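# Per-entry structural report
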Amino acid sequence: MLLYNISMTLNLRTTIDKIKDIIHVSLKKYAVFVLHLTPHQNVAQTILVYTFLGWIVLSLPFMTRGGVGFLDNLFTSAAAVSTAGLQTVNFADSYTFLGKLVVLVLIQIGGVGYMTFSSFVFLSLSQKHRLRKSQEHALTAEVKLPNTLKLSDFLWAAIVFTTIAESIGIVFLFNYFRHHDYTILSAAWYSIFHSVSAFCTAGYTLWNNGLVDFTDSKTINIVMSLLALSGSMGFIVVADVFNFVRRKTKEISYTTKIIILMTVSLLAFGTFTLFVTTPSLSLAEAFFQTMGASTTAGFNTADISSLSSCSLLILLLIMCIGGSPSGTAGGIKTTAFASVVAIVYSHLRLNPRVEFLAHRIPIQRLYSATSTVVLYMVFLFISVFLLTWTEKMPFLNLLFESASALSTAGFAAGTTEQLSVLGKLIIIATMLVGRIGVVTFSMAVLASDEDDDKPKPVSQEDVAV
């Protein structure tokens, strides 16, 4: 018996050593693999890796309460990392506390961005307080900054503001829950989860019907709206305002002015049109649903599936435009939409220069904006086309589902839980493309060798448009 125990111990140690060797070799190969990736491919693979890791962890038996399949866990992981918030199962009832905690971590990583967080940590620990070139390239591939803003200022603003905003949200929500018969532990957990979910515009809640039961709660409506708007407007605005207050800059940047104008305009347009076209919604409900669409947070105090086709179209348009660059929201982005509007307006006025708010927009930014809009429409078409092929549901519902996934908005018109296996896979892919970014994803796929990037002489010809 003693010899048997000794033999088992030796075999166990040998097995553990082999596993360690396999992990060590795998990590080494992975590090070499990452070094050969382009910045855009690095962003894409990071998001895919976190989705895969989240899927594996959520598939552990003690993470769910049973009845949640492998594919549903993958869907939840992808929705959390992409901050889309779409659900194929009842999240509140299907996952244990540990499962919800894992989802919360994935939301935080997906919302702020792994590249942003890791770069901030390196910047803080670095003696020279400078990023490596590879980190700068990877970060600039993930976030789009104006030339007036330093990368280091953006990183500090992103992390510090995230901490402050989420902490303030936790305090207000905790105070609310404590006054509504929640225990201290429950109030703390609910306030932390929903503050992070709101700021990262993830749309996840710990209640079965979202925020429908809190339609008349001014505290929940105001706090969740402010958190979502703070995250969706982007860290560019935060860094810009902070520099202006510290007098590092003389005025608010042009980018910030466009973001604020477009955000206010979308909120006003959506609130007014929803309130007028949907008699069942109060003014506060119309605003909250518009806020959920424009920030792509996906929070709702009304049953989205019961809204009319007209209301769904309004929400669809707003969530396709989405939030602002370098924020937690998805969509085309307000600045890209404003640039395309400026192109059309300038063309109709026969103005050779593209101007917006009395400023000329650089040609490279116009290329970026038109590329974003066109690629967004291409990926939306592909997603809707595939869903209409695999699913037997109303077309508007499938269009709404695809747009919600690509914009990482999380709004659903009662379609998500009815999706087939192929339908779920299509939406998973759509959410991940939306989180990576349609332009970043396309550049990652179409990446070429350096030799191929050298411009080749071509003849110039005119074309009728």
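Definitions and limits used
Residues numbered from 1 in each chain as written. Predicted model: local features only at pLDDT ≥ 70, side-chain atom pairs only at ≥ 80, totals over all residues. Heavy atoms only, no water. Helix = DSSP H or I, 4+ residues; strand = E, 2+ residues; numbered from the N terminus. Contact = heavy atoms within 4.5 Å. Areas by Shrake-Rupley, 256 points an atom, 1.4 Å probe, with all protein chains shown as cover. Salt bridge = Lys/Arg side-chain N within 4 Å of Asp/Glu carboxyl O. Patch = residues over 30% accessible without salt bridge, like charges linked within 9 Å, V, L, I, M, F, W, Y side chains within 5 Å. Phe/Tyr/Trp six-rings, centres within 6.5 Å; stacked < 30°, edge-to-face > 60°. Buried < 20%, exposed > 50% of the residue type's maximum accessible area, 1.4 Å probe, protein only. 1 Å grid on protein atoms, 1.4 Å probe; cavity = no way out; pocket = protein on both sides within 12 Å on 5 of 7 lines; lining within 4 Å. Points joined across faces, edges and corners; volume = space filled by probe spheres on them. Nonpolar A, V, L, I, M, F, W, Y, C, P; charged D, E, K, R; others polar. Expected span 1.5 Å × (residues − 1). Polar contact = N/O pair within 3.5 Å; in protein donor to acceptor, adjacent residues only side chain to side chain. Core = buried A, V, L, I, M, F, W, Y, C linked by side-chain atoms within 4.5 Å. Axes fitted to C-alpha atoms, helices over the stretch in contact; angles between N-to-C directions. Parallel < 35°, antiparallel > 145°, perpendicular 65-115°, else oblique. pLDDT = per-residue confidence, 0-100. Left-handed = near helix turned anticlockwise from the far one by under 90°.

## Notes on the overall build of the protein chain
- Helices and strands together make up the secondary structure of the protein chain, namely 19 helices and two strands.
- Contacts spanning at least 24 positions in sequence make up 69% of the contacts within the protein chain whose residues lie at least 6 apart.
- Of the roughly 24,200 Å² that the protein chain leaves accessible, carbon and sulfur atoms contribute 66%.

## Description of the pattern of salt bridges
- Counting across every chain of the model gives two salt bridges.
- In this structure, Lys424 and Asp72 form a salt bridge, with 3.0 Å as the shortest nitrogen-oxygen distance. One end of the pair, Lys424, is in helix H18 (residues 421-436); the other, Asp72, is in helix H3 (residues 70-81), with 352 residues separating them in the sequence.
- Among the salt bridges present, the one from Glu355 reaches Arg353, with a minimum N-O distance of 2.9 Å.

## Looking at a nonpolar patch on the surface
- Residues Phe52, Leu53, Ile56, Val57, Leu60, Phe62, Phe97, Leu98, Leu101 and Val105 make up a contiguous nonpolar surface patch of about 850 Å² in total accessible area.
- With respect to the helices, strands and loops of the structure, Leu98 is situated in helix H5 (residues 97-112).

## Quick notes on the packing of aromatic side chains
- Applying the stated criterion across every chain, the model contains 20 aromatic pairs.
- On the numbers, 5.7 Å between centres and 75° between planes, the contact of Phe379 with Phe441 is edge-to-face. Of the two residues, Phe379 is situated in helix H16 (residues 363-390) and Phe441 in helix H19 (residues 438-445); the sequence distance between them amounts to 62 residues.
- Residue Phe441 is classed as partly exposed on the basis of its relative accessible area of 25%.
- Grouping aromatic residues by their ring pairs yields a cluster made of Phe91, Tyr95, Phe97, Trp189, Phe193 and Tyr204.

## Thoughts on empty space enclosed by the protein
- Tallied over the full model, the rule gives two cavities of 30 Å³ or more.
- Quantified by volume, the second largest cavity comes out at close to 40 Å³.
- Taken together, Ser232, Met233, Thr263, Leu266, Ser294, Gly322, Gly323, Ser324 and Thr334 make up the lining of the second largest cavity.
- In terms of residue class, the lining of the second largest cavity is built from two nonpolar, seven polar and no charged.

## Things to note about H16
- With 28 residues, H16 extends 41 Å between its outermost C-alpha atoms, agreeing within 8% with the 40 Å of an ideal straight helix rising 1.5 Å per residue.
- Buried residues of H16: Leu366, Ala369, Thr372, Tyr376, Phe379, Leu380, Ser383, Val384 and Leu387, and no others.
- For H16, the elements touching its buried residues are helix H14 (309-321), helix H15 (334-348), helix H17 (395-406), H18 and H19.

## Brief notes about the side chain of Ser195
- Among the structural elements, Ser195 can be located in helix H9 (residues 184-199).
- A distance of 2.7 Å separates the side chain of Ser195 from the backbone oxygen of Glu166, its partner in a polar contact.
- Setting aside chain neighbours within four positions, we find Ser195 in contact with Ala165, Glu166, Gly169, Ile170, Leu173 and Leu227.

## Quick notes on unusual backbone geometry
- Residues other than glycine seldom take positive phi values, yet Thr296 does so here, at roughly 55°.
- Turning to its location among the elements, Thr296 is positioned in the loop between helix H13 (283-294) and H14.
- Unusually for a residue other than glycine, Lys333 sits at a positive phi of about 95°.
- Residue position: Lys333 is located in the loop between H14 and H15.

## Digging into H14
- With 13 residues, H14 extends 19 Å between its outermost C-alpha atoms, agreeing within 8% with the 18 Å of an ideal straight helix rising 1.5 Å per residue.
- Within the sequence span of H14, burial applies to Ser311, Leu312, Ile314, Leu315, Leu316, Ile318, Met319, Cys320 and Ile321.
- The secondary structure elements touched by the buried residues of H14 are helix H12 (254-277), H13, H15, H16 and H17.
- Gly322 lies just past H14 and shows a positive phi near 75°.

## Digging into the nonpolar core
- Judged by nonpolar contacts, the single largest core of 65 residues is most densely connected at Tyr204 and Met431.
- Residues within four places of Met431 in sequence aside, it is in contact with Phe75, Ala78, Ala79, Ser82, Ala84, Leu86, Ala405 and Thr408.
- Within the second largest apolar cluster, 32 residues are counted, among which are Ala302, Ile332, Leu380 and Leu399.

## Thoughts on the environment of Phe395
- Assignment of secondary structure puts Phe395 in helix H17.
- Counting along the chain gives 10 residues from Phe395 to Phe385, while the straight-line C-alpha distance between them is 9.9 Å.
- In this view, Phe395 contacts Val384 and Thr388; residues no more than four positions away in its chain are not counted.

## Here we look at the environment of Phe379
- What makes Phe379 buried here is its relative accessible area of 19%.
- Counting along the chain gives 54 residues from Phe379 to Val433, while the straight-line C-alpha distance between them is 8.4 Å.
- Sequence-distant contacts of Phe379, defined by excluding residues within four places in its chain, comprise Leu406, Val433, Val438, Phe441 and Ser442.

## Digging into the packing of H9 against helix H10 (residues 218-232)
- Axis separation between H9 and H10 bottoms out at 7 Å; the angle between their running directions is 40°. One finds that H9 runs oblique with respect to H10. Residues His194, Ser195, Ala198 and Phe199 of H9 pack against Met224, Leu227, Ala228, Ser230 and Gly231 of H10.

## Let's talk about the confidence of the model for the protein chain
- Chain-level statistics for the protein chain give a pLDDT mean of 84 and a share of 83% at 70 or above.
- The low-confidence segment residues 119-129, where pLDDT is below 50, has 19 contacts with residues more than four positions distant or belonging to other chains.

## Some details on the side chain of Thr271
- Locating Thr271 in the fold gives a position in helix H12.
- The exposure class of Thr271 is buried, given its relative accessible area of 11%.
- Ignoring anything within four residues of it in the chain, the contact list for Thr271 reads Leu283, Ala286, Phe287 and Thr290.

## Comments concerning the packing of helix H2 (residues 39-58) against H18
- Interhelical geometry of H2 versus H18 gives an angle of 135° and a closest axis separation of 10 Å. Classified by the interaxial angle, the pair formed by H2 and H18 is oblique. Read as a crossing pair, H2 and H18 show a hand that is right-handed. Taken together, the residues of H18 that come into contact with H2 (itself represented by Ala44, Ile47, Leu48 and Thr51) are Leu432, Arg435 and Ile436.
- Across the contact of H2 with H18, the residue classes break down as five nonpolar, one polar and one charged.

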